[in-house]
Amino acid sequence: MDAVLVVNADLGPLHRVTVQHAIRMLCRRVAEIHEAEPDRVIGVFPVPRVVRLVRYVVTRWRFSTGPAWSRAGVLRRDGRCCAYCGGPAGTIDHVLPRSRGGRNTWRNTTAACYGCNQRKGDRTPTEAGMPLRREPVVPTWASLAGR
């Protein structure tokens, strides 16, 4: 078991942490064990599967417009799969190039392999004759955390 689920005081899921982090939360009395591994202990604590926070944490940010744009987020959203050829992606590409006013937004960026990114260059996918396999979308918090 490499990750422990952290749930809010109302049992709503928040995120996952390492077992070491969960034990530190238990030591600080920030959380309690909600579910544990049978017959496994670390010191005086059973090895947790799920820890519940003692106090409710407000999570309004989770219901906002979505996560902020980031290169890592784009690669994660697209599963590190090139939007042009379907191969493994390591870079991001701007659908409308930055030189033409394209911004760093979820709907204007997509994962791309180095070769496709270079071939497309400073053109739109239509101009380059490279149709997108999928349209870029704004991800939800859950879709980014679940992968």
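Residues numbered from 1 in each chain as written. Predicted model: local features only at pLDDT ≥ 70, side-chain atom pairs only at ≥ 80, totals over all residues. Heavy atoms only, no water.

**Student:** What should I look at first to understand the side chain of Thr 109 in this one?
**Tutor:** Examined against the element boundaries, Thr 109 turns out to sit in strand E6 (residues 109-112). Judged by relative accessible area, Thr 109 falls into the buried class, the value being 0%. At 2.8 Å, the side chain of Thr 109 and the side chain of Trp 69 are in polar contact. Setting aside its immediate chain neighbours within four residues, Thr 109 contacts Trp 69, Val 74, Arg 77, Ile 92, Asp 93, His 94, Arg 103, Asn 104 and Pro 136. (Helix = DSSP H or I, 4+ residues; strand = E, 2+ residues; numbered from the N terminus. Buried < 20%, exposed > 50% of the residue type's maximum accessible area, 1.4 Å probe, protein only. Polar contact = N/O pair within 3.5 Å; in protein donor to acceptor, adjacent residues only side chain to side chain. Contact = heavy atoms within 4.5 Å.)

**Student:** Quick question: what am I supposed to make of the domain arrangement of the protein chain here?
**Tutor:** How big an interface is tends to be stated in terms of the accessible area lost upon association of its parts. Annotation of the protein chain at the domain level lists domain 1 (3-61) and domain 2 (71-141). Here the C-alpha centre of domain 2 lies 38 Å away from the C-alpha centre of domain 1. (Domains from an automatic or database assignment.)

**Student:** Even after reading the chapter, I still don't get the pattern of salt bridges, so can you show me in this structure?
**Tutor:** Proximity of charged atoms lets side chains of opposite charge pair with each other. The tally for this structure, following the rule as stated, stands at eight salt bridges. Here Asp 78 and Arg 134 are joined by a salt bridge, their closest N and O atoms 4.0 Å apart. Taken together, the residues Asp 78 in the loop between helix H2 (71-77) and strand E5 (91-94) and Arg 134 in the loop between helix H4 (125-128) and helix H5 (141-145) connect sequence positions 56 residues apart. (Salt bridge = Lys/Arg side-chain N within 4 Å of Asp/Glu carboxyl O.)

**Student:** So what exactly am I meant to see when it comes to helix H1 (residues 19-27) here?
**Tutor:** Because the α-helix completes a turn every 3.6 residues, residues three or four places apart line up on one side. Listed as buried for H1 are Val 19, Ala 22, Ile 23, Met 25 and Leu 26. Seen along its axis, H1 keeps its buried residues to an arc of 155°; they face one direction. Projecting away from the buried face of H1 at angles above 90 degrees are the exposed residues Gln 20 and Cys 27. Considering only its buried residues, H1 is in contact with strand E1 (4-7), strand E2 (13-17), strand E3 (31-42) and strand E4 (45-53). Just past H1, the residue Arg 29 takes up positive phi, approximately 65°. (Arc of directions from axis to C-beta.)

**Student:** Would you take a moment to explain the sheet that holds E3 for this structure?
**Tutor:** The strands making up a sheet associate through backbone hydrogen bonding, with each pair oriented either parallel or antiparallel. Spatially, E2-E1-E4-E3 is the arrangement adopted by the four strands of the open sheet, whose pairing is mixed. Sheet topology places E2 and E3 at the edges, where each strand pairs with a single neighbour. Pairs of neighbouring strands in the sheet enclose a mean axial angle of 25°, with direction left out of account. As defined by bridge partners, E3 adjoins E4 across seven bridges and the pair is classed as antiparallel. Bridging from a neighbouring strand, Ile 42 pairs with Phe 45 of E4. Strands E1, E2, E3 and E4 of the sheet are contacted by H1, whose axis makes an angle of about 75° with E4. (Pairing = 2+ DSSP bridges. Axes fitted to C-alpha atoms, helices over the stretch in contact; angles between N-to-C directions.)

**Student:** I keep staring at the side chain of Asp 93 and nothing clicks. Help me out?
**Tutor:** Within the element layout of this structure, Asp 93 appears in strand E5. Residue classification places Asp 93 among the buried residues on the basis of a relative accessible area of 3%. Separated by 2.5 Å, the side chains of Asp 93 and Tyr 84 make a polar contact.

**Student:** It is not clear to me how the UniProt feature "domain: HNH nuclease" (unreviewed entry) in the protein chain should be interpreted in this structure. Could you clarify?
**Tutor:** On the UniProt side, "domain: HNH nuclease" (unreviewed entry) is annotated at positions that read residues 69-118 here. Split by type, residues 69-118 is 24% helix and 16% strand. Its first and last C-alpha atoms lie 22 Å apart. (UniProt positions renumbered as here; feature names shortened; annotations may be inferred.)

**Student:** What is the right way to look at unusual backbone geometry in this model?
**Tutor:** Peptide bonds are, in most cases, trans, and in most cases residues other than glycine have a negative phi. Not every positive phi belongs to a glycine, and Asp 39 is a case in point at roughly 60°. By the secondary structure assignment, Asp 39 is in strand E3. Residue classification places Asp 39 among the exposed positions, given a relative accessible area of 84%. Even without being a glycine, Arg 80 presents a positive backbone phi close to 50°. Note that Arg 80 resides in the loop between H2 and E5. Given the relative accessible area of 49%, Arg 80 is considered partly exposed.

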